[in-house]
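Below, each chain spelled out in residue letters.
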Amino acid sequence: MYSYFYGKIISINKKSITIDVNNIGYVINTPLPEVFLKDEKTHLYVFSQLVQTSKNSYIEEIYGFKTYSEKELFLLLMKCQGIGPKTALSICSNDLNVLKELIIKKDIDSLSKCKFINSKTAKNIIDNLYEYYQNKMGNENGSFKISEVFSALKALGYNDNEINYAIANIEKNNNPRDDVSTLIANAIKEIVNKPIDTNELNK
């Protein structure tokens, strides 16, 4: 299973994009293809699954997101009974901050007016995700965000030395208004741009 891709956007379609990763092109289903730019290099947070098309035939479907928070919501939605990946992906085309606010407010009426959400789905989402987002918003301070960043980078495959280096640097320039996704992106930039340690090379 993939965690994220880093590569160049080759094409942008109505419901998907194609990203080149080490000369391999992956078709990625994404909620908002228009937020990507052709030829830009970007990190893409992904989820993949095998889908059975016939008795002995399977295809791999890959879903991708611009931010880690979008992928997080996608995975949470799929834990709701009756919501599969395609529905979850469509719901993620709504404004993430608006969805979170309505979930925390338990505003079924307003949530049901969002794209791809009816009243039954809205109640289902609130019943399943209210406690998670309530706890997360209630604890969204600096230390909580850094803990989230550490966990996300660990899941992306970075080692502790790389993560600690990145966190130390982003804490120096910490903006309290930065959300977790922004901090993760900044941390990845720090790791990518980390100077090579010649002592490590000589070991």
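Everything quoted here is computed from the prediction, not taken from an experiment. By convention here, each chain's residues receive numbers from 1 onward along its written sequence. Reporting of local features is limited, given that this is a predicted model, to residues whose pLDDT is at least 70; pairs of side-chain atoms are given and counted only at 80 or more, and all residues count toward the totals for whole chains, interfaces and linings. Side-chain figures throughout are based on the complete set of non-hydrogen atoms in the structure, without hydrogens or water.

## As for the overall build of the protein
So, step 1. Strands are runs of DSSP state E lasting at least 2 residues, helices are runs of H or I lasting at least 4, and numbering of each runs from the N terminus. The number of helices and strands found in the protein is nine helices and five strands.
So, step 2. In sequence order, the protein lays out its α and β elements as β-β-β-β-β-α-α-α-α-α-α-α-α-α.
So, step 3. With the C-alpha coordinates of the protein rotated into their principal frame, the extents come out at 60 × 45 × 30 Å.
So, step 4. Sorting the 203 residues of the protein into buried and exposed places 40% on the buried side.
So, step 5. Counted over contacts in the protein with a minimum sequence separation of 6, partners at least 24 positions apart contribute 51%.
So, step 6. Surface accessibility of the protein: about 12000 Å² in total, with carbon and sulfur atoms responsible for 48%.
So, step 7. Just so you know, the count uses Lys and Arg for positive and Asp and Glu for negative, and it drops His and the chain ends. A charged residue contributes its charge at one atom only: NZ of Lys, CZ of Arg, CG of Asp or CD of Glu. Taken together, the 25 basic and 24 acidic charged side chains of the protein have centroids lying 5 Å from each other. Buried means the residue's accessible area, taken with a 1.4 Å probe over protein chains only, is under 20% of the maximum for its type, while exposed means over 50%, and partly exposed covers the values in between. The contact criterion used is simple: two residues touch if any of their non-hydrogen atoms lie within 4.5 Å. Areas reported here follow the Shrake-Rupley algorithm with a probe of radius 1.4 Å; residue values treat only the protein chains shown as occluding.

## Re the packing of aromatic side chains
So, step 1. Two aromatic rings from Phe, Tyr or Trp, using only the six-membered ring of Trp, form a pair when their centres are within 6.5 Å; if the ring planes differ by under 30 degrees the pair is stacked, by over 60 it is edge-to-face, and anything between is tilted. Per the counting criterion, the structure on display carries nine aromatic pairs.
So, step 2. Two thresholds decide whether a charge sits over a ring: the Lys NZ or Arg CZ must be within 6 Å of the ring centre and within 35 degrees of the ring normal. The ring of Tyr130 is capped by Lys106, whose NZ or CZ atom sits 4.3 Å from the centre of that ring.
So, step 3. Positioned above the aromatic ring of Tyr165, the side-chain terminus of Lys194 is 5.3 Å from the ring centre.

## Details of the confidence of the model for the protein
Regions with low pLDDT should not have their predicted coordinates read in detail.
So, step 1. Values of pLDDT, which run from 0 to 100, indicate the predictor's confidence residue by residue. Here the protein averages 88 in pLDDT, while 91% of its residues score no lower than 70.
So, step 2. Mean pLDDT across the elements of the protein ranges from a minimum in helix H9 (residues 198-201), with 49, to a maximum in strand E2 (residues 16-21), with 98.

## Thoughts on the nonpolar core
Generally speaking, nonpolar side chains in soluble globular proteins are found buried as a group.
So, step 1. Formed by 25 residues in total, the largest nonpolar core has its most connected members in Leu73, Phe74, Leu77, Leu111, Ile117, Ile125 and Leu129.
So, step 2. The set of elements that each furnish at least two residues to this core consists of strand E5 (57-65), helix H1 (68-77), helix H2 (85-91), helix H3 (96-105) and helix H5 (119-138).
So, step 3. Sequence-distant contacts of Leu77, defined by excluding residues within four places in its chain, comprise Ile83, Ala88, Ile91, Cys92, Ile125 and Leu129. In this text, buried Ala, Val, Leu, Ile, Met, Phe, Trp, Tyr and Cys residues form a nonpolar core when linked through side-chain atoms within 4.5 Å.

## Here we look at the environment of Val27
So, step 1. Relative to the elements of secondary structure, Val27 occurs in strand E3 (residues 24-29).
So, step 2. Setting aside anything within four residues of it in sequence, one finds Val27 in contact with Ser16, Ile17, Thr18 and Ile62.

## Digging into the pairing of strand E1 (residues 4-12)
So, step 1. The criterion for strand pairing is that DSSP finds at least two bridges linking the strands in question. Where E1 and strand E4 (residues 41-54) come together, five bridges link them in antiparallel fashion. Note on E4: the bridge partner recorded for Tyr6 is His43.
So, step 2. Note that E1 and E2 share four bridges and pair antiparallel. Along E2, the bridge assignment pairs Lys8 with Asp20.
So, step 3. If you look at the hairpin formed by E1 and E2, you'll find three residues sitting between the two strands.

## Overview of helix H7 (residues 160-172)
So, step 1. The end-to-end C-alpha distance of H7, which contains 13 residues, comes to 18 Å, matching closely the 18 Å that a straight helix rising 1.5 Å per residue would cover.
So, step 2. By the burial criterion, the buried members of H7 are Ile163, Ala166, Ile167, Asn169 and Ile170. Buried residues of H7 fall within an arc of 165° about the axis and therefore sit on the same side. Opposite the buried face of H7, by more than 90 degrees, sit the exposed residues Asn161 and Lys172.
So, step 3. Polar contact is the term for a pair of N or O atoms within 3.5 Å; when the atoms are in protein, one must be able to donate a hydrogen and the other to accept it, and sequence-neighboring residues count only if both atoms are side-chain atoms. Measuring from the side-chain oxygen of the N-cap residue of H7 to the backbone nitrogen of Asn161 gives 3.1 Å; that N-cap residue is Asn159. One fewer than the residue count of a helix, multiplied by 1.5 Å, yields its expected span. It is the directions from the helix axis to the C-beta atoms that the arc portrays.

## Quick look at unusual backbone geometry
So, step 1. In this structure, Asp39 is a non-glycine residue whose phi angle is positive, near 75°.
So, step 2. For Asp39, the position within the fold is in the loop between E3 and E4.
So, step 3. We classify Asp39 as partly exposed; its relative accessible area is 44%.
So, step 4. Even without being glycine, Phe116 reaches a positive phi, approximately 70°.

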